[in-house]
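Here's the letter readout for the chains.
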Amino acid sequence: MLTVNAYVATAATEPLAPTTVERREVGPHDVLIEIKYCGICHSDISHARSEWGEQVYPIVPGHECESCLKGEEQYCLKGNTLTYGGIDKDGTITQGGYSTHVVVTEDFVVRIPEGIDLDEAAPLLCAGITTYSPLRHWGAGPGKQVAVIGLGGLGHLAVKLAHAMGAEVTVLSQSLKKMDDGLRLGADHYHATSDPATFEQLVGTFDLIVNTVSAKLDLDAHLGLLAVNGALVNVGAPAEPLSLNVFSLIMRGRSYAGSLIGGIRETQEMLDFCAEHGIGSEIEVIPADKINEAYDRVLASDVRYRFVIDTSTLA
Ligand code: NAP
């Protein structure tokens, strides 16, 4: 066993704190990864604060760090092994990347291409693949109108990726506060969802809308922005159920779908695509003792655009 430094959540209402965790012995088909950086995903907060159902504690969050036959391991019918809070092959509970090392099965290791700095690469391993996969699946590319709802961690990468794929990209943000950033990241258009005129002006426009918002939205209003046969894909995972009027779908042949991260093969494809197009995450690197502050800032939409923990500060 390897004892490594980490940061842990012990209860939904307690701040995260330094700890140590045990990593399993490195078996014949395992790889020991030294973690340099780990992104803070909104999902880490939802897990740490038990928003998605009862969380088993203690839990070390962090899945923007590590490195089944169809290449869609995330949809494994026997249940996937989550980076943290999952059951590992030795029966223990997996613990995540707010930590200095992790042991993983060799099939679940990816290669970070030359040309992407490790701190900017860390968020690609969740936020990047979570947006790349639906953009590819629903055919974002030249001649396609793509909208991204929410310019946060996932949203800003969705904008960069959709732009690099050749689509015409629109950001739908709560306000115009981040408009300059959105346009710099590759958006062609930027609209505020707090302005009712947005929903009149853009009705029937988009082939694909990727919803990255972590809160409940008026789905019918947003579905109305889809063109005939367009699709709205939810990657945002609010704790509350969402509802919609099926006529928002039926009358224009629209689809409403969901998507979970991406498989390992597609994750490698995404990393290679990012290297080719010079795409990394926009980041603010923080020491481990700023994790709780960073959580509060993510919840206040005060992040430009991903906090990344420098794990050398975990000592
Ligand atoms: P984030 O950085 O907090 O970004 C979410 C963005 O949503 C915010 O920046 C904000 O953008 C917008 N937003 C926040 N509250 C809102 C509200 N009340 N109404 C409207 N818009 C609001 O979060 P993230 O890390 O990108 O994660 C986004 C969601 O994806 C989370 O629910 C996370 O759990 C989920 N997720 C899913 C997967 C998957 O596999 N499906 C993977 C990773 C994460 P504006 O300020 O521009 O409005």
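Owing to the predicted nature of the structure, the values given are computational and were not obtained by experimental measurement. (Residues numbered from 1 in each chain as written. Predicted model: local features only at pLDDT ≥ 70, side-chain atom pairs only at ≥ 80, totals over all residues. Heavy atoms only, no water.)

## Here's the deal with the site of the ligand
Part 1 of the reasoning: Among the 28 residues in the neighbourhood of the ligand, the closest are listed as His42, Leu151, Ser173, Lys178 and Arg306.
Part 2 of the reasoning: Separating an oxygen atom of the ligand from a side-chain N or O atom of Ser43 is a distance of 2.7 Å.
Part 3 of the reasoning: Measuring from an oxygen atom of the ligand, one finds a side-chain N or O atom of Gln174 at 2.9 Å.
Part 4 of the reasoning: Contact with the protein chains covers 88% of the free accessible surface of the ligand, which is 930 Å².
Part 5 of the reasoning: Every element with two or more residues in the shell around the ligand is listed here: helix H1 (42-48) and helix H4 (153-165).
Part 6 of the reasoning: Within the shell around the ligand, the residues separate by chemical class into 13 nonpolar, 13 polar and two charged.
Part 7 of the reasoning: When residues of the shell around the ligand are assigned to domains, at least three fall in each of domain 1 (2-125 + 262-314) and domain 2 (131-258). (Near = heavy atom within 4 Å. Polar contact = N/O pair within 3.5 Å; in protein donor to acceptor, adjacent residues only side chain to side chain. Areas by Shrake-Rupley, 256 points an atom, 1.4 Å probe, with all protein chains shown as cover. Helix = DSSP H or I, 4+ residues; strand = E, 2+ residues; numbered from the N terminus. Nonpolar A, V, L, I, M, F, W, Y, C, P; charged D, E, K, R; others polar. Domains from an automatic or database assignment.)

## Observations concerning unusual backbone geometry
Part 1 of the reasoning: Cis geometry is found at the peptide bond from Tyr57 to Pro58, where omega equals -5°.
Part 2 of the reasoning: Relative to the assigned elements, Pro58 resides in the loop between H1 and strand E5 (101-105).
Part 3 of the reasoning: Note that the residue after Arg304, namely Tyr305, is joined by a cis bond; omega there is -10°.
Part 4 of the reasoning: By the element assignment, Tyr305 lies in the loop between helix H10 (291-299) and strand E13 (306-310).
Part 5 of the reasoning: Positive phi, normally seen in glycine, also occurs at Ile261, with a value near 25°.
Part 6 of the reasoning: Among the structural elements, Ile261 can be located in the loop between strand E11 (255-258) and helix H9 (264-277).
Part 7 of the reasoning: With a relative accessible area of 29%, Ile261 lands in the partly exposed category.
Part 8 of the reasoning: Unusually for a residue other than glycine, Ser301 sits at a positive phi of about 55°.
Part 9 of the reasoning: When you line up the elements, Ser301 lands in the loop between H10 and E13. (Buried < 20%, exposed > 50% of the residue type's maximum accessible area, 1.4 Å probe, protein only.)

## A closer look at the environment of Leu157
Part 1 of the reasoning: Checked against the element boundaries, Leu157 lands in helix H4.
Part 2 of the reasoning: The class of Leu157 is buried, set by a relative accessible area of 0%.
Part 3 of the reasoning: Residues Leu157 and Ile261, 104 residues apart in the sequence, show an inter-C-alpha distance of 13 Å.

## Overview of the domain arrangement of the protein chain
Part 1 of the reasoning: Considered domain by domain, the protein chain is made up of domain 1 (2-125 + 262-314) and domain 2 (131-258).
Part 2 of the reasoning: Inter-centroid distance (C-alpha atoms) of domain 1 to domain 2 is 26 Å.
Part 3 of the reasoning: Contacts between the two partners involve 20 residues from domain 1, matched on the other side by 22 residues from domain 2.
Part 4 of the reasoning: Interface area for domain 1 against domain 2, summed over the two sides, is near 1700 Å², with a carbon-plus-sulfur share of 60%.
Part 5 of the reasoning: If you sort the residues of domain 1 by the area they bury against domain 2, Phe273, Glu282 and Tyr305 come out on top, with a joint share of 35%. (Contact = heavy atoms within 4.5 Å. Buried area = accessible area lost by both parts, 1.4 Å probe.)

## Some points on the environment of Ile35
Part 1 of the reasoning: As for its placement among the helices and strands, Ile35 is situated in the loop between strand E3 (30-34) and strand E4 (37-39).
Part 2 of the reasoning: Overall, Ile35 belongs to the buried group, its relative accessible area being 4%.
Part 3 of the reasoning: C-alpha of Ile35 to C-alpha of Glu64: the two residues are 29 residues apart in sequence and 10.0 Å apart in space.
Part 4 of the reasoning: Setting aside chain neighbours within four positions, we find Ile35 in contact with Cys65, Gly97, Ser99, Thr100, His101, Val102 and Thr311.

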